[in-house]
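# Structural characterization, general
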Amino acid sequence: MSGFKEGFLWGGAVAAHQLEGGWQEGGKGASVADVMTAGAHGVPREITDGVLPGKNYPNHDAIDFYHRYKEDLQLFAELGFKCFRTSIAWTRIFPKGDEQQPNEAGLQFYDDLFDECRKHGIEPVITLSHFEMPYHLVSEYGGWRNRKLIDFFVRFASVVFERYQHKVKYWMTFNEINNQANFHEDFAPFTNSGLKYQPGEDREPVMFQAAHYELVASALAVKAGREINPSLQIGCMIAMCPIYPLSCAPNDIMMAMNAMHRRYWFTDVHVRGAYPQHLLNYFARRGFELDITEEDRAALKQGCVDYIGFSYYMSFATKATPDNPQLDYDESKSLVSNPYVQKSDWGWQIDPVGLRYSLNWFWDHYQLPLFIVENGFGAIDVQESDGTVDDQYRIDYLAAHISEMKKAVEEDGVDLMGYTPWGCIDLVSAGTGEMKKRYGFIYVDKDNEGNGTLNRSKKKSFAWYQKVIASNGESL
Ligand code: P53
């Protein structure tokens, strides 16, 4: 008998900007994703000053889910999905972000989408902000470095909670809010928070300030959602890459502990409604003077999340070095290669056991229900002449991870709500903007340059995942 609970939410996950396309349809405004060009492994996506002629912006058309969602949901229903995780593009509802009134055409699109889900018995699971905030809030307000964004976000959240409260029960506020712990690179600060740094600017306190405003906005949104409808379940969303010590040398252990502190304190604030003391001490040591008011602290306490949603793709490793006596973690410098695991073509360390470890880590720390809202294998798929794709490597990756997730539930007793593998249909990669980095059970005929018919077809993993769901995780 399977240990997954009754009503376990098997499904798949995507995000609006990575699949919808229709970037200017229905009154939609430009988002941060609309000003990012295509990159590749080792070639960062360029963040342009608005939309420039002659550049390749892969999110503009993506896989045209905006027009094809009925066909795609039909395939998800065939897979047996109990739930479907996507996001609401903020720019369809508030095209610039600072309007007083929402855009009805955008609201109608998601009404239709959620009705279509419900028609198939598929529960929508919705992220409010998934790397797609209005670009206007960046160019006019400086992104989340500006406190005004709290009100804009809470207005957006309240409008959609009110509108969809009878169609959507499960929500998350900010996707992978902790990616910005990697603040030395440009991608995470921009996609998480709409931050563009000045040359020479001290980036770290800016990141902490932006994250603080987001955490306050998240808490106020949770509070507003509960007032609108107490049956809503509102969670956070954390990118979990557990950071292992490279060895059992005591300073390697301490280095890994500090690294975990610096990447996962966001969860403490979401769950407990307060900053951990180690972080307050770090702010003091570094002389960061952040705008954190008494009112903010009260808001954080009143908006603790109902569950922890998280992504898991890979684990990290770190070690102490003599030039870093305080064992401070800098994500752009402190990570080392783990000799015990393999890597994907994009250098992501493949570590199924790390998923069991992560589930236990979250459960031990927080005792809140957990939801694996992303997991998957980005790979180059080859379509045979008969249209099939033999993605056995994807089946192997997912089977190994589900098997560890099962141990965490059955043997370790963690409370797990569901599992939604990432990119259940091929879509635009967030990190690189490529189509070539595919995750789906469903192949989409489109290449990096934007050529292709956009036809959908089933990969080998389609029938496999269908059986996994039908057997409640027994048949791997
Ligand atoms: P791509 C970094 C590390 C872990 C997850 O990523 C990440 C990232 C950002 O690239 O992002 C999440 O497409 C994110 C999705 C994204 C997915 O992982 O770079 O929530 O939007 O597509 C996979 O291969």
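Definitions and limits used
- Residues numbered from 1 in each chain as written.
- Predicted model: local features only at pLDDT ≥ 70, side-chain atom pairs only at ≥ 80, totals over all residues.
- Heavy atoms only, no water.
- Pairing = 2+ DSSP bridges.
- Helix = DSSP H or I, 4+ residues; strand = E, 2+ residues; numbered from the N terminus.
- Contact = heavy atoms within 4.5 Å.
- Axes fitted to C-alpha atoms, helices over the stretch in contact; angles between N-to-C directions.
- 1 Å grid on protein atoms, 1.4 Å probe; cavity = no way out; pocket = protein on both sides within 12 Å on 5 of 7 lines; lining within 4 Å.
- Points joined across faces, edges and corners; volume = space filled by probe spheres on them.
- Nonpolar A, V, L, I, M, F, W, Y, C, P; charged D, E, K, R; others polar.
- Parallel < 35°, antiparallel > 145°, perpendicular 65-115°, else oblique.
- Left-handed = near helix turned anticlockwise from the far one by under 90°.

Naming follows an unreviewed UniProt entry, where the protein chain appears as 6-phospho-beta-glucosidase of Silvania confinis.

Next up on the list: the sheet that holds strand E8 (residues 316-318). Strand order across the open sheet formed by three strands is E6-E8-E9, with mixed pairing between neighbours. Edge positions in the sheet fall to strand E6 (243-245) and strand E9 (335-336), since each of these pairs with one other strand and no more. The strands that helix H9 (residues 250-272) touches are E6 and E8; relative to E6, the one it contacts most, it runs at about 170 degrees.

Take empty space enclosed by the protein next. Following the criterion strictly, the structure yields six cavities of 30 Å³ or more and no others. Empty space within the largest cavity amounts to approximately 80 Å³. Sorting the residues of the lining of the largest cavity by element identifies helix H1 (16-19) and helix H3 (90-93) as the ones contributing at least two each. In the lining of the largest cavity, the residues fall into three nonpolar, five polar and five charged.

Right, let's talk about the packing of helix H2 (residues 65-79) against helix H14 (residues 460-470) for a bit. Where H2 contacts H14, the axes come no closer than 8 Å and their chain directions differ by 55 degrees. Judged by the angle between their axes, H2 and H14 are oblique. Between H2 and H14, the residues in contact are Leu-75, Glu-78 and Leu-79 and Phe-462, Tyr-465, Gln-466 and Ile-469, respectively. In the contact of H2 with H14, the residues fall into five nonpolar, one polar and one charged.

By the element assignment, Asp-72 lies in helix H2. Sequence-wise, Asp-72 and Phe-190 are 118 residues apart; in three dimensions their C-alpha atoms are separated by 30 Å. Residues within four places of Asp-72 in sequence aside, it is in contact with Phe-65, Ile-425 and Arg-456.

Glancing now at the packing of helix H8 (residues 203-228) against H9. Between H8 and H9, the shortest axis-to-axis distance is 10 Å and the interhelical angle comes to 25 degrees. Viewed along their axes, H8 and H9 adopt a mutual orientation that is roughly parallel. H9 is crossed by H8, and the crossing has right-handed handedness. On the side of H8, the interface is formed by Met-207, Phe-208, Ala-211, Leu-215 and Ser-218, while H9 contributes Arg-262, Trp-265, Phe-266, Val-269 and His-270. Class assignment of the residues belonging to the contact of H8 with H9 gives a composition of seven nonpolar, two polar and one charged.

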